[in-house]
Amino acid sequence: MERVEALLGQLTLEEKVSMVSGSDAWHSTGVERLGIPAFKLTDGPNAARGDGSSGARAACFPVGVALAASWNVALLESVGAALGDEAKSKGAQVLLGPTINIQRTPIGGRNFECYSEDPHLSGTLAAAFVRGVQSQGVAACPKHFVCNDTEHQRHSVSANVDERTLREIYLKPFEMAVKQGDAWSVMSAYNRINGVFASSHDALLNETLKAQWGFSGIVVSDWGAALHTVENANGGLDLEMPGPPRTRGAKLLEAVRDARVPETVLDDKVRRLLTLLVRTGRLDSPAETPERSDDTPEKRALARRAAIEGTVLLKNEATALGQPLLPLDPAKLNSLAVIGPNAEIGRIQGGGSSSAPPHHVVHPLAAIAARAKDVELIHEPGCLTHRYLPAFDPRQLDPLGRAGEGFAIDYFSNLDFSGTPFRERVERRSKLAWFGAFASDVRDPKFSARLSASFTPDTDGVHQFGLMSAGKSRLLLDGEELIDNWSSQTRGESFYSAGSTEVRAEASLEAGKGYRLVVEFQREGNQLIAGLQLGVLPPAAEDPIGDAVRAAETADAAILIVGTNADWESEGHDRAGLALPGDQAELIDRVCGANPRTVIVVNAGSPVETAWLDRASAALQVWFPGQEFGDALCDVLFGDANPSGKLPLTVPVQLEDTPAFEHYPGKNQELPYGEGIFVGYRWYDTRGIEPRLPFGHGLSYTTFAYGELSVERAHRVGESVSAALDVTNSGDRAGAEVVQLYVRELSPSVPRPEKELAAFAKVWLEPGETRRVELELPPRGFAFWDVVDHDWRVDPGEFELLAGSSSRDIRARQRIELQTELGGSRELGGSRELGGSS
Ligand code: BGC
């Protein structure tokens, strides 16, 4: 590109060095002298948050795993395009997503953000998402490259993984996002891979990503993942984020001057950064637009459709009346019990950097009440499930003379709340996070903030208050210190594991009386993140499960909405196990016992313990479905939409059965990937372990019949194989089926999984309609990574193609033979000749 080269030629060494670090939390560094603007980056994979301080809201789409459960490539492209547009509404040129690490263990804290346990599904969907984002002139940023598959010690742990596993499982989604999606940026992870930090990994960044795959975009460090000046620079990291520079700046300048980092290496980074400015159009329109909320009916509709398509019907059995329980017909119901901890407040997203303030939220209870207008509704929460005390209800907070509801918050540019605040606001949220010195919300790494409100409880009795923070904090009630999280603190898992544990204290309060609540917060600087989270818990009901059981008994049917929330499933820590928090197992058991017409709705981003599945007549997995949660749920519950989602992961019977169980979490920051390529269903199939629900499972309100799989019997190694079959909607409702095609090599020369997903297609059918589904298998669909030649390879021989409705519901199969070409096997030129990676 001539423009890029011309600019590069005019930059001084100092200017070039300045460009390879961020200038603040969310901006790169521009060079005013030459009219080179900075570009802006924003999280994230399911909503474009912006810098977090403008107050602008975002369209919150379903999280990654929910999008992946749609198995709908075109949908992912549309959601990507909508998020690209959302990024523009935040003035950003780079959207930090999709998250395409592999769901190696079901307790990974960020599983909800990631797509799947399967690399082909992840990669196909990621490429579509990337194409969508970039169709808007915004760079997508697949992350976190690579093997950031758990949150446990993510900043230091070494994922120790063999070459073949790395290629076949963990790198593959990135390879597809780069080759098929043409991603303009990639984020390097915090962790190490085989001992080397991801941001210094010459073999992965320079050789694999850039040289072999032909990646022409920028490698941006995860926030704070750039730790080493020379190693990062020579190892392939292009942009250190956030700014201002920690490991670059003067240190890098010196390293270039004394040739520890060649200037050509620096030039390559700057060339890539300039190319990004050209690709995103930023070079030609350098003025930054202010952040705005761009809430449109189209985005709402798309978010709702995506939530519907990601909904997986896990089970739908005939009840005593002989009909499957779902869909429910409101006309046939007099009363309906809506039960569960996630009914009144549905959980729309997980915790950490992917979350954003939504334009609005449609909660399940409110949506059901609106939809089933003529039905008598009884609501009972059933039990408590909080990890940290629940947020304050802003309606109970009077900001002491300021307009609105919530806390009055004052920010001071000093540590002792002295002088005039530099910002005064009203804050409805109980959880606040600042990217330390780098946020535009705070001017100085050192700052203090005071929140005050008059709190009016609506229940008499003992209230619990909770406070935790990354920084010092204390809570005063009517002038008396109630919680001291200031003079000493214990480190906990809050705020990406940089915060304290939650400190709790009790106070006996009277309903209707106003109490003056003050929270003081102080941050001394240096940490990347500062944050504060407050909670309050009113006196609990005496027998919440009993109340729920009574509600279920008297109602014609019950909808029981269970799950987790963003404190349980979050960036920064993994989960301890599969159990649903609180007494939800007992709640489910007793409610199902009280009313056989109970639908269980699982509102969680990862697999949970589902021993209760035998007891339930119907169950839906809705994941964290984004801001349109309630309406999408009603569409499915009441049959306006027919569920078509399929599990992008295996639901195990118990944690002990899962592939990484033996190796997780490792020792001394070393995490062996000992299960090798046998990740997800590859493990259960090969080991003969029965999962609770298999990969690819998902029912419909209609049924589908599969015809024969037709495929030519003989092919040459290295050729694509076309398979086709007829699928008929054999039921009486329109619906969609995801046809999955798996490949098995019959006599492999190396250990291979029982079968591997190689292609899939989603097909919409009217009742009685038949369609021919064509599935194309490129050579890579048969390949394994050969560790002798360090390349993809297909051996001649017999393969079986298996077409199914899930990985364990194979409906048609066919053997084919791949014949040798001029003797011997054919290597598939890893990156060079295949052109695609699937
Ligand atoms: C996360 C990234 C995110 C970045 C910026 C990091 O903690 O790992 O996924 O994009 O923060 O918020």
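Residues numbered from 1 in each chain as written. Predicted model: local features only at pLDDT ≥ 70, side-chain atom pairs only at ≥ 80, totals over all residues. Heavy atoms only, no water.

Caption draft 1: Structural detail: the layout of surface pockets. Taken as a whole, the second largest pocket holds about 890 Å³ of empty space. Considering the residues around the second largest pocket, the lining is formed by 50 residues, among which Phe495, Tyr496, Ser497, Ala498 and Gly572 are closest to the centre. When residues of the lining of the second largest pocket are traced back to their parent elements, those giving at least two are β17 (461–470), α14 (494–497) and β21 (515–523). Class assignment for the residues of the lining of the second largest pocket results in 17 nonpolar, 18 polar and 15 charged. (1 Å grid on protein atoms, 1.4 Å probe; cavity = no way out; pocket = protein on both sides within 12 Å on 5 of 7 lines; lining within 4 Å. Points joined across faces, edges and corners; volume = space filled by probe spheres on them. Helix = DSSP H or I, 4+ residues; strand = E, 2+ residues; numbered from the N terminus. Nonpolar A, V, L, I, M, F, W, Y, C, P; charged D, E, K, R; others polar.)

Caption draft 2: Structural view of the pairing of β17. Of all ten residues in β17, eight are buried, a share of seventy percent or more. In the sheet, β17 pairs with strand β20 (residues 503–509) via seven bridges, with the strands oriented antiparallel. Residue pairing in the sheet places glutamine 464 in a bridge with glutamate 506 of β20. In terms of strand pairing, β17 meets strand β22 (residues 530–537) through seven bridges, oriented antiparallel. Each residue of the ladder has a partner; that of phenylalanine 465, found in β22, is valine 536. (Buried < 20%, exposed > 50% of the residue type's maximum accessible area, 1.4 Å probe, protein only. Pairing = 2+ DSSP bridges.)

Caption draft 3: Focus on the packing of aromatic side chains. Inspection of the entire model under this criterion finds 22 aromatic pairs. Taken together, a centroid distance of 5.8 Å and an interplanar angle of 80° make the contact between tyrosine 681 and tyrosine 742 edge-to-face. Of this pair, tyrosine 681 sits in helix α18 (residues 681–687) while tyrosine 742 sits in strand β31 (residues 735–745), and the two are 61 residues apart along the sequence. Here the aromatic cluster, defined as three or more aromatic residues joined through ring pairs, consists of Trp71, Tyr681, Phe695, Tyr742 and Phe760. Above the plane of the ring of phenylalanine 495 lies lysine 431, whose end atom (NZ or CZ) is 5.3 Å from the centre. Of note, lysine 755 hangs over the ring of tyrosine 742, and the distance from its end group to the ring centre comes to 5.8 Å. (Phe/Tyr/Trp six-rings, centres within 6.5 Å; stacked < 30°, edge-to-face > 60°. Lys NZ or Arg CZ within 6 Å of the ring centre and 35° of its normal.)

Caption draft 4: Spotlight on the sheet that holds β22. Strand order in this open sheet of four strands is β15-β22-β17-β20, and the pairing throughout is antiparallel. Across the chains shown, the open sheet's two edge strands, defined by having one partner strand only, are β15 (431–434) and β20. Sheet twist, expressed as the average angle between the axes of neighbouring strands with direction ignored, equals 15°. (Axes fitted to C-alpha atoms, helices over the stretch in contact; angles between N-to-C directions.)

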